[in-house]
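# Tertiary structure, described
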Amino acid sequence: MTTPKALVAGNWKMNGLKAAIGEITRLNDLISTSGANCDVLICPPFTLISTLVGMGAKNVPIGAQDCHMNVSGAHTGDISAQMVAELGCGHIIVGHSERRADHGESNDTVKAKAAAAQAAGTNAIICVGETIDEREAGSTIDVVRAQVKGSIPDDARADNTTIAYEPVWAIGTGKVPTAADVEEVHREVRALLMDRFGEAGSGVRILYGGSVKASNAEELMSVPNVNGALVGGASLKADDFYGIISAYDKIG
Ligand code: PGA
């Protein structure tokens, strides 16, 4: 059994003008000075990727929030995985619930995007999670199972796959599931990964996302099979985000 090194990943969503660049400098300095007992990633909007990678902030790798499923072609306004990989992104988020909802992305679409991300040599962070109606109907596990099974590409490998469990009702709301609820879902996802990848499935990171902040990070990140966080709002300010990273100073 391999326990993956934790990853605390920030998803800036559609936030970040040039003024936000200073947050990366600040985060890089905080990690240089005080350290990080986990891996770190920031996924800014596409418009900032080149600038942020170019800054060479060695403690803050940069990823992308989405990619098109094709390598190139007539897809106005879209960005391919190869394009962001060429800029230096090592991770691409796919299937975030906001994209599943706002852009009608199905599991098949997410699977194709994850395949594109992996073909470009990046690690696909595949997001899954139930809506409040699905949770209240008692179908959380069924929904997450179907999303995990339906969204992992056929030729994915354990070492280029990450799963992010993000209950839709916990995103940006300040509501979080209980540790027991998180544990149940992550245990199920781990079992699916072991089925799928064999022993190597133990090394795939399963991130938790949804209203993670410094004050709840230690509790959430201590849950078995939680190998890090995907953080929205609390990733926008370096000091807030570093508060989540430093939860790993207290977790064995
Ligand atoms: P939040 O967003 O931390 O603002 O809840 C998490 C996410 O959507 O990845």
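Everything that follows concerns the structure shown earlier in this document.
What comes next is a walk through the structure. (Residues numbered from 1 in each chain as written. Predicted model: local features only at pLDDT ≥ 70, side-chain atom pairs only at ≥ 80, totals over all residues. Heavy atoms only, no water.)

What follows is about the site of the ligand. The environment of the ligand is made up of 13 residues, and the closest members are Lys13, His96, Glu166, Gly172 and Ser211. Residue Gly232 places a main-chain N or O atom 2.8 Å away from an oxygen atom belonging to the ligand. If the ligand stood free it would expose 280 Å²; the protein chains cover 95% of that surface. Among the residues forming the shell around the ligand, the class breakdown is 4 nonpolar, 7 polar and 2 charged. (Near = heavy atom within 4 Å. Polar contact = N/O pair within 3.5 Å; in protein donor to acceptor, adjacent residues only side chain to side chain. Areas by Shrake-Rupley, 256 points an atom, 1.4 Å probe, with all protein chains shown as cover. Nonpolar A, V, L, I, M, F, W, Y, C, P; charged D, E, K, R; others polar.)

The next thing to look at is the pattern of salt bridges. Overall, the coordinates contain 14 salt bridges when judged by the stated rule. Between Arg135 and Glu130 there is a salt bridge; the shortest N-O distance is 2.7 Å. The salt bridge involving Glu188 is made with Arg145; its shortest N-O contact spans 2.4 Å. You can see Glu188 sitting in helix H8 (residues 179-197) and its partner Arg145 sitting in helix H7 (residues 140-151), a full 43 residues away along the chain. With a relative accessible area of 22%, Glu188 lands in the partly exposed category. Several salt bridges share partner residues, and in doing so they unite Asp66, Arg99, Glu105 and Lys113 into one network. (Salt bridge = Lys/Arg side-chain N within 4 Å of Asp/Glu carboxyl O. Helix = DSSP H or I, 4+ residues; strand = E, 2+ residues; numbered from the N terminus. Buried < 20%, exposed > 50% of the residue type's maximum accessible area, 1.4 Å probe, protein only.)

Quick look at unusual backbone geometry now. Excluding glycine, a negative phi dihedral is what most residues carry, and trans is how most peptide bonds are arranged. For Lys13, which is not glycine, the phi dihedral falls at a positive 55°. You will see that Asn225, though not glycine, has its phi angle at about 70°, which is positive. One can find Asn225 in the loop between helix H9 (214-221) and strand E7 (228-231).

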